[in-house]
Amino acid sequence: MTPQDRRARADQEALDFHRCPRPGKIEVNATKPMATQRDLSLAYSPGVAAPVLAIAKDPAAAYDYTSKGNLVGVISNGTAILGLGNLGALASKPVMEGKAVLFKRFADLDAFDIEVATEDADAFIEVVRHIGATFGGINLEDISSPDCFRIEAQLQDLLDVPVFHDDQHGTAIICSAGLINACEVTGRRLEDVKLVLCGAGAAGLGSITLMKALGVRPENTTLVDIDGVVYRGRPHGMDQWKAVHATDTPHRTLADALVGADVFIGVSAKGVLTQAMVASMAANPVIFAMANPDPEITPEEVLEVRQDAIVATGRSDYPNQVNNILGFPYIFRGALDVQASAINHEMKIAAARALAMLAREDVPDEVALAYQGKKLKFGRDYIIPSPFDPRLIWYVPPFIAEAAMATGVARRPIADMDEYRASLRRRLDPSAGFIQTITASVQSAPKRKVVFVEGEEPAVIRAAYAFGAEGLGTPILLGRDDVIRANALDLGFDDVGVSVQIVNARLSQRNTDYVDFLYGRLQREGYLRRDVQRLVNVDRNSFAAAMVALGDADALVTGVTRNFDQCLEDVSRAIDPEAGGRMLGLSVLLERGRTIFVADTSICELPTPEDLVEIACQAAAAVRRMGHTPRVAFLSSSSFGHPRGEQPARMRRAVTLMDERTVDFEYEGEMPPDVALDDRLWASYPFQRLSEPANVLIMPTIHSATISTKLVQAMGRGTVIGPLLYGLSKPVQICRLGASVSNILTLATLAAYQCPLLANRS
């Protein structure tokens, strides 16, 4: 498959993602009940009259009675869309919707995207000026330079809400945080560094301005654009914004300016920085090559000539990623929470310093999880916090809020910052990062071979290709070569056998070895050798399980065409339960604000109290390995003894047995789900032992577990993953019948994630 074909395929997947099952990426949901006539009368007429009059009397009341205080306008005219150029306002809408999604995902801020169809800066300013009262803050995006500078400056003067052009200030804040820490690591002071910045667009000019505000001396800076060094008196390619940063210098090229320089900041284009230029820099050079998708120079190229360099890029596959997601959500969060009238220079400086300080803190386990358990530590390869750091939501906004209060732009100061930090912790949505964190962990680990058992199925082929394309491992499609190739070709994949491996059970050179292995296990269970030969030839689950058991693959995913019980029976012929453990099905419920694990959803039909204890311990261990602190609730129809019955008695007995053990997690029961999940109900049960609502629910039977998770799934109340299979000695995941490409890919990723965990335990 040619690069053009791959690009076309990726484009089609992106189009499908944006179109199905509903067009676009955002929707509006009501925050109040709308079920009864009374609800409607309060939400609209006549009830709405009361807040209308209150706001007319005091405009600040809009923050109390409307969504204004949590609402950001994401506004563009499409004149500089990503790296695509001027494609018009409407074409920018997917990007603006994406930005709105990021605001929600990382800072729990609502956002409306608005695309203004004009390239006239004055007309754009007038439009935004007249709609500005709708929002608590405005994020300008993808507006070409130099109009972006004037638009932002004038809107800041015209509006009394924060106006922030992320293309200017987002990159500036993140790379400034990195520069602060790079100086710390190399023993430099900001005021002493000799800095060269290449790229005089919005991001470049924003960066050099902020770095000067942080202490870099103007006389120690050199700005370079497409025409060379920006020097005083340069007769061409100048404007008022570049002129501010022009210096008296004899240098006219980037190569000249970099001789003896301490720092290179690049927001320009691939290949601009050469190894010779890097070699000419001062000791311990700091190189931020942030052009996307390809940096000015790769870290590998830098380290070939300068082992003493600190390197950052805009890419996630290298250390020290300069990612704007570290900035704008948390800056707006802090600004809106104090009802700031602007995002001023002091707030941007506070953001940079906060991020620099966070990178020096001990890195939590949640971040290590994203890097396959690698313990990150402040230093050359970790000068910028990870986007996966869950502390960002409560660490950064208070610095922004305090800066706003100190500079007089906060209209509603925060009196208790400790309580504010606690409230921000409660806003954190752990479900949002669950799969993202697991995926990042797999991508950073040694690549594993995962067998996709039903390799002839179109959905499985698509999932396998995605698995390989996303750098998650090596996919192996199990099936007949000609059928797989034909189906792959129909799907637009003509590089089958290159991007993925194909294994045909009948033609495999390992066929005899698998027969010997399985016959040794099954000969005393009524199987003749010819029966085992037939299994290996015909039953792909048995063949795949033998592959994994004998180390020819690391994990497998199956279930698309067979039910769960049959798949588990097939796989168990070759793979034993984990020593000292038990098998269980663990379903993951992802809903806004929480992640809940439910067990057992697929293995033990009518567990005894002893079974329930083992299920709880196994589930808690699995949850902890996924980066969560388990808090276990034994669920029942009763609340601590009332009403009585046979089923509640079993759960009560399980808790008694737990009390006889020494465990490293909280547990409580027997209790109904509302009591387990809502701490507002705990006043009636002051003796209960959970410190926070439960996140691991132990169900009394497989029936209740399966019905509850499938009901949640059917009603669309959240995302349900699984049941995930735990307790086998090798990683195996079983999809539901007819699973989607996304579901297959998720379970394959989780299977790959289990590989090093099981290996370490064995």
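Owing to the predicted nature of the structure, the values given are computational and were not obtained by experimental measurement.

Reading guide: rules and limits
- Residues numbered from 1 in each chain as written.
- Predicted model: local features only at pLDDT ≥ 70, side-chain atom pairs only at ≥ 80, totals over all residues.
- Heavy atoms only, no water.
- Helix = DSSP H or I, 4+ residues; strand = E, 2+ residues; numbered from the N terminus.
- Rg over C-alpha atoms; globule rule 2.2 N^0.38 Å.
- Buried < 20%, exposed > 50% of the residue type's maximum accessible area, 1.4 Å probe, protein only.
- Contact = heavy atoms within 4.5 Å.
- Areas by Shrake-Rupley, 256 points an atom, 1.4 Å probe, with all protein chains shown as cover.
- Lys, Arg positive; Asp, Glu negative; His and termini not counted.
- Charge placed at Lys NZ, Arg CZ, Asp CG, Glu CD.
- Pairing = 2+ DSSP bridges.
- Axes fitted to C-alpha atoms, helices over the stretch in contact; angles between N-to-C directions.
- Left-handed = near helix turned anticlockwise from the far one by under 90°.
- Nonpolar A, V, L, I, M, F, W, Y, C, P; charged D, E, K, R; others polar.
- Core = buried A, V, L, I, M, F, W, Y, C linked by side-chain atoms within 4.5 Å.
- Domains from an automatic or database assignment.
- Expected span 1.5 Å × (residues − 1).

Bringing the overall build of the protein into the picture now. Helices and strands together make up the secondary structure of the protein, namely 30 helices and 21 strands. Since a compact globule built from 762 residues should have a radius of gyration of about 27 Å, the 29 Å found for the protein is in line with a globular shape. The dimensions of the protein, computed from C-alpha atoms along their principal axes, are 90 × 65 × 50 Å. Taking all 762 residues of the protein together, the buried fraction comes to 52%. Contacts in the protein between residues at least 24 apart in sequence constitute 70% of all its contacts with a sequence separation of at least 6. Carbon and sulfur atoms provide 53% of the accessible area of the protein, an area that totals close to 33,300 Å². Of the charged side chains in the protein, 77 are positive and 93 negative, and the gap between their average positions amounts to 2 Å.

Before going further, it helps to examine the sheet that holds strand E18 (residues 666-671). The mixed open sheet is built from six strands, whose spatial order is E18-E17-E19-E16-E15-E20. Since the sheet does not close on itself, it has two edges, and those belong to E18 and strand E20 (719-726), each with one partner. Ignoring which end each strand starts from, the neighbouring axes of this sheet average 20° apart. Relative to strand E19 (residues 696-698), strand E17 (residues 631-635) runs parallel, the two being bridged by three bridges. Counted as the bridge partner of phenylalanine 634 is isoleucine 698 from E19.

What follows concerns the packing of helix H6 (residues 121-131) against helix H7 (residues 147-158). Two numbers describe how H6 lies on H7: the axes approach to 10 Å, and their chain directions differ by 35°. In this structure, the crossing between H6 and H7 has a hand that is right-handed. Contacts between H6 and H7 involve Ala121, Asp122, Phe124, Ile125, Val128 and Arg129 from the former and Asp147, Arg150, Ile151, Gln154, Leu155 and Leu158 from the latter. Its residues placed into classes, the contact of H6 with H7 shows seven nonpolar, one polar and four charged.

To continue, consider the environment of valine 632. Position of valine 632 among the secondary structure elements: in strand E17. Filtering out sequence-adjacent residues up to four positions away, valine 632 remains in contact with Ala616, Ala620, Phe665, Glu666, Tyr667, Glu668, Leu690, Ala694, Val696 and Ile698.

Judged by which residues are buried, strand E8 (residues 263-266) turns out to be covered on both faces: Val263 and Ile265 on one side and Phe264 and Gly266 on the other are all buried. Summarising the sheet, strand E5 (residues 195-198) and E8 pair through four bridges and their orientation is parallel. Its bridge partner lying in E8, leucine 197 is registered against isoleucine 265. Where E8 meets strand E9 (residues 286-289), four bridges bridge the pair, whose relative direction is parallel. Counterpart to valine 263 in the pairing with E9 is valine 286.

A few words on the nonpolar core. Membership of the largest hydrophobic core comes to 98 residues, with the highest contact counts inside it found for Ile138, Leu140, Ile173 and Met347. The residue makeup of this core includes at least three contributed by each of domain 1 (3-28 + 51-161) and domain 2 (169-407). Excluding anything up to four places from it in sequence, isoleucine 173 contacts Phe164, Leu210, Ile331, Lys348, Ala351, Ala352 and Leu355. Within the second largest apolar cluster, 65 residues are counted, among which are Ile438, Val500, Phe665 and Ile721.

Moving on, we get to the side chain of arginine 333. Tracing the sequence through the fold places arginine 333 in helix H14 (residues 328-337). Excluding residues that lie within four positions of it along the chain, arginine 333 makes contacts with Asn70, Ala107, Asp108, Leu109, Ile393, Pro397, Tyr420, Leu424 and Arg427.

Turning to its location among the elements, leucine 507 is positioned in the loop between strand E13 (501-503) and helix H22 (511-522). Separated by 30 residues in sequence, leucine 507 and asparagine 537 have C-alpha atoms that sit 8.8 Å apart.

Here we come to the domain arrangement of the protein. Under the domain assignment used here, the protein contains domain 1 (3-28 + 51-161), domain 2 (169-407), domain 3 (438-573) and domain 4 (584-727). The C-alpha-based centres of domain 2 and domain 4 are spaced at 46 Å.

Here we take up helix H9 (residues 202-214). When the terminal C-alpha atoms of H9 are compared, their 18 Å separation across 13 residues agrees well with the 18 Å that a helix rising 1.5 Å per residue should span. In terms of residue burial, H9 counts as a mostly covered element, since eleven of its 13 residues are buried. One or two positions beyond H9, positive phi appears at glycine 215, with a value near 135°.

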